[in-house]
Amino acid sequence: MTGAATGTDAVDRLRLIRTRGIGPVAWRHLMARYGTAAAALDALPLLARRGGGNAPPPPPPAEILREMEHAGRLGAQYVFLDDADYPPLLAAFDTAPPALTVRGDLSLAARPCVAIVGARNASAAACRFARGLAHDLAEAGAAVVSGLARGIDTAAHQGALAGGTVAVIAGGIDVVFPPENAALQDTIATGGLLIAEMPPGTEPRARHFPHRNRIIAGLAAGTVVVEAAPRSGSLITARLAAEAGREVMAVPGSPLDPRAQGCNLLIRDGATLVQTAADILEQVRPIDPRAVRAPVSGYGAPPPDDPDAATRAGIVALLGPVPVAVDELIRQSGAAPAAVQMVLLELELVGRLDRHAGGRVALG
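Here goes a summary of the coordinates provided. From a predicted model like this one, the values you see are computed outputs, not experimental measurements. Within each chain, residue numbers correspond to sequence positions counted from 1 in written order. Since the coordinates come from a predicted model, pLDDT governs what is reported: local features require at least 70, and pairs of side-chain atoms require 80 or more to be given and counted, while whole-chain, interface and lining totals use all residues. Hydrogen atoms and water are omitted, and side-chain values are computed over all heavy atoms in the structure.

A 1.4 Å probe rolled over the protein chains alone gives each residue an accessible area, and that area as a share of the maximum for its type sets the label: buried under 20%, exposed over 50%, partly exposed in between. Each helix is a run of DSSP H or I of at least 4 residues and each strand a run of E of at least 2, with the numbering of both proceeding from the N terminus. With 4 of 5 residues buried, strand 8 (residues 247-251) lies mostly within the body of the structure. In short, DSSP must find at least two bridges between two strands for them to pair. One ladder, built from 5 bridges, connects strand 7 (residues 222-226) with strand 8; its direction is parallel. Pairing of Thr 223 across the sheet is with Val 248, part of strand 8. Where strand 8 lies against strand 9 (residues 272-273), 2 bridges are found, and the strand directions are parallel.

This paragraph deals with empty space enclosed by the protein. Cavity means a closed set of points on a 1 Å grid over the protein atoms alone, one where a 1.4 Å probe fits but cannot get out, pocket means an open set with protein on both sides within 12 Å along at least 5 of 7 lines, and lining means a residue has an atom within 4 Å of a point. Grid points are joined across faces, edges and corners, and a volume is the space filled by probe spheres set on the points. By the definition in use, this model includes 2 cavities of 30 Å³ or more. In this model, the largest cavity occupies a volume close to 100 Å³. Gly 147, Phe 177, Pro 178, Phe 209 and Arg 212 are the residues nearest the centre of the largest cavity, which is lined by 14 residues in total. Computed from the structure, the second largest cavity encloses a volume of approximately 30 Å³. Around the second largest cavity, the lining residues are Ile 169, Ala 170, Glu 197, Met 198, His 208, His 211, Arg 212 and Ile 215. Of all the elements, helix 9 (residues 208-219) adds the most residues to the lining of the second largest cavity, at 4 residues. Gly is placed with the polar residues, together with every amino acid not listed as nonpolar (Ala, Val, Leu, Ile, Met, Phe, Trp, Tyr, Cys and Pro) or charged (Asp, Glu, Lys and Arg). Taken together, the residues that form the lining of the second largest cavity break down as 4 nonpolar, 2 polar and 2 charged.

Right, here's the structure in full:
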């Protein structure tokens, strides 16, 4: 265990994180309002009743203790959002995971990080290029981040192994996917950095990969795409990076190769065309990750007054199936930002609210 949360507090935090219906945004608001995870857990039944449903039951402490003991046997540790060694660029993301399970050298995430992502069915030429690009970046002192998938991800990790690479996986810290990358995953866990958001033992599912992609984008000052189809997960990572104000770069390819269409579209839409590691370093070097921290410390401020029934009803009436920015809800309702966030939290706890990219919300 590292950082601020230890013992009972760490168990309470993980209980809150593992509670169904509580995502990263809800977790932040609960901690900011109640100060401790224990107090937030106690408040869940009341908040859920206000949202029109029943409180989702948190997992019992014994279940979390078993999870933590299993992670310890694996040589893994938990890093919480307000820990000093939580990856600084990732902490700046609104949807940063409240807790990460990690194995390896956590200091790699504090280096200037570059994400390299791309097609699973990449061409041999693209894999070779990605491997060389990652090698050159790592030699220059950058940490290369990717998702340990087949194709470009694997090539990027292989190229950066000697200098420093960070792998973000979609399942638990002890689950290997794809199976052929078992040896590579173990090598990264001992000589690089392996990161998982899901609890140990979680098999990766399709819904987990977009969550993994946001971590990749959040860790890096810039994301480089090497071969990608127009509707691929790599372009999701690039979009998330762009929405966070990070650099988006792409390697151009032949217009005759469908695997290059995504990269060429990114360049057409304003992504930086890159051909060498020097092109990438020129874009990301001005960003010092140590200077970027999200306002996650200082939990424990006195909770604001609860919104009254009329205010709550007015906020709910402004919601619909079409996503709307939270800032717009605050403007139109005339309510205090804390009141709006509290009503949204109550709805989210009972499954009546969906959160979308860009700080937008809609009725579930």
